[in-house]
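Secondary and tertiary structure notes
Single-letter residue listing:
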Amino acid sequence: MIPCRNSPEIRYQLIMRQKEISLHEPGRFVTTEGPVPETPEGFAQIRVRRIGVCGTDIHAFHGRQPFFEYPRILGHELGGEIVSLNGDSDTLSHGDLVTVEPYLNRPDSPASQKGKTNCCENLEVLGIHCDGGMRDLISVPIHKLHTTSKASVDQLALVEMLCIGRHAVNRSRVGSKQTALVIGAGPIGMSVLQFLQTETDHVAIADMDEKRLAFCRESLGVHKTITIQPGETDMDAALRDQFGGDLPDVIFDATGNRHSMAGTFDLIAQGGTIVLVGLFQGDLTFNDPNFHR
């Protein structure tokens, strides 16, 4: 006998299955059905409402993402809604809109104990090391969820991306009187730029795309911009022109480009700080005397 659609057997199967979008191999997504994830003690079940598409996802699609295996469910920039909580929380409840901190570290690892949770040797990032949010429901540790009444679900999906910029600026320890350059005016570079502006007024941004630089001038209030023309722009001279004859004290490279990242060692002031925000699959080389200066 085949059970009718309203029978307990069929309802149970419908409840326990969900749609998933898996990157089966470079260049090919597959829509499938998979099991609804369990919600162990200390976890919450989240209905995924918004997913940001990151450069990381694009690299994975093209087969250029480190730390990655196929097939994988992408999605780590998430805005969602709490469906259930299997544990106590003073700040979260059923129905809350949340952003997801997608970095799952082991709290007792040496790096985590030092406060460097992003360097945990057991780190798993949703959508990279383990399956992410391109599905109806996802189970996440309660302490990795953050809510606010001031942000829409669209804005919550942007929080993880913006945190990259905040983390980069924190690591630089830039001072209010220091000069700083951001290379790369994409979303991550502009995230760095906005947080950098809260620390110092002496900021410049460089990119090959003049339209992006125009946006930075008109919408973000950055007046020092440098249009990079490969093989033509003398970056040393351009930077000295922007910073009163000196090179910048701090450089943030948000390009993810090997040559741009290596080139920062020639553009930084003596005793300066370089923050490499981007990531690429390969080796980075630099001139040792430049590194020592």
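Let us look at the structure shown here. Positions within a chain are numbered from 1, following the residues in the order the chain's sequence is written. Local features in a predicted model are, by the rule used here, given only for residues with pLDDT of at least 70; side-chain atom pairs are given and counted only at 80 or more, and totals for whole chains, interfaces and linings are based on all residues. The basis for every side-chain value is the complete set of heavy atoms in the structure, and neither hydrogens nor water enter the calculation.

A word on the side chain of Glu77
- Helix and strand assignments come from DSSP, with helices taken as H or I runs of at least 4 residues and strands as E runs of at least 2, each series counted from the N terminus. Residue placement: Glu77 occurs in strand β4 (residues 77-86).
- Despite its burial, Glu77 pairs with no opposite charge; the closest candidate is Arg50, at 12 Å N-O. We call a residue buried when its accessible area falls under 20% of the maximum for its residue type, exposed when it is over 50%, and partly exposed in between, using a 1.4 Å probe and counting protein chains only. Charged residues are defined narrowly, with Lys and Arg counted positive, Asp and Glu counted negative, and His plus the chain ends left uncounted. Throughout this description, the term salt bridge denotes a Lys or Arg side-chain nitrogen within 4 Å of a carboxyl oxygen of Asp or Glu.

With respect to the sheet that holds strand β3 (residues 43-52)
- For two strands to pair, DSSP has to find at least two bridges joining them. Spatially, β8-β3-β4-β5-β9 is the arrangement adopted by the five strands of the open sheet, whose pairing is antiparallel. The sheet terminates laterally at β8 (137-141) and β9 (145-147), the two strands that pair on one side only. Going from strand to strand, the sheet's axes swing by 45 degrees on average, the running direction of each strand aside.
- Note: β3 against β4, nine bridges, orientation antiparallel. Its bridge partner being in β4, Arg47 is matched across the sheet by Glu81. For every element, the axis is a line fit to its C-alpha atoms; helices are fit only across the contacting stretch, and the angle between N-to-C directions ranges from 0 to 180 degrees.

Description of the pattern of salt bridges
- What the rule picks out here adds up to nine salt bridges.
- When the shortest N-O distance is used, the salt bridge between Glu199 and Arg166 registers 3.2 Å. Placement of Glu199 in the loop between α6 (187-196) and β11 (203-207) and of Arg166 in helix α5 (residues 159-172) is noted, with a sequence separation of 33 residues between them.
- Classification of Arg166 as partly exposed rests on a relative accessible area of 25%.

Remarks on the packing of aromatic side chains
- Classification of ring pairs rests on two measures: the distance between centres of Phe, Tyr or Trp rings, Trp counted by its six-membered ring, which must be within 6.5 Å, and the angle between planes, read as stacked under 30 degrees, edge-to-face over 60 and tilted in between. What the rule picks out here adds up to five aromatic pairs.
- Judged by centre distance (5.6 Å) and plane angle (20 degrees), the rings of Phe29 and Phe61 are stacked. Separated by 32 residues along the polypeptide, Phe29 in strand β2 (residues 28-35) and Phe61 in helix α2 (residues 55-61) bring together distant segments of the chain.
- Among the aromatic side chains, those forming a connected cluster through ring pairs are Phe265, Phe286 and Phe291.

Points about the environment of His59
- Position of His59 relative to the elements: it lies in helix α2.
- In this structure, the C-alpha to C-alpha distance between His59 and Thr227, residues 168 residues apart in sequence, is 25 Å.

As for the packing of α6 against helix α7 (residues 210-220)
- Running from N to C, α6 and α7 cross one another at 35 degrees; their axes reach a closest spacing of 12 Å. Relative to α7, the crossing made by α6 is right-handed. Residues Met190, Leu193 and Gln194 of α6 pack against Phe215, Cys216 and Leu220 of α7.
- Looking at the contact of α6 with α7, its residues break down into five nonpolar, one polar and no charged. Put simply, a crossing is left-handed when the front helix is turned counterclockwise from the back one by less than a right angle, and right-handed when it is turned clockwise. Only heavy atoms enter the contact rule, under which two residues are in contact if any of them lie within 4.5 Å. Under the convention adopted here, Pro, Cys and the residues Ala, Val, Leu, Ile, Met, Phe, Trp and Tyr are nonpolar, Asp, Glu, Lys and Arg are charged, and Gly plus all remaining residues are polar.

These values are about where atoms sit, not about what they do.
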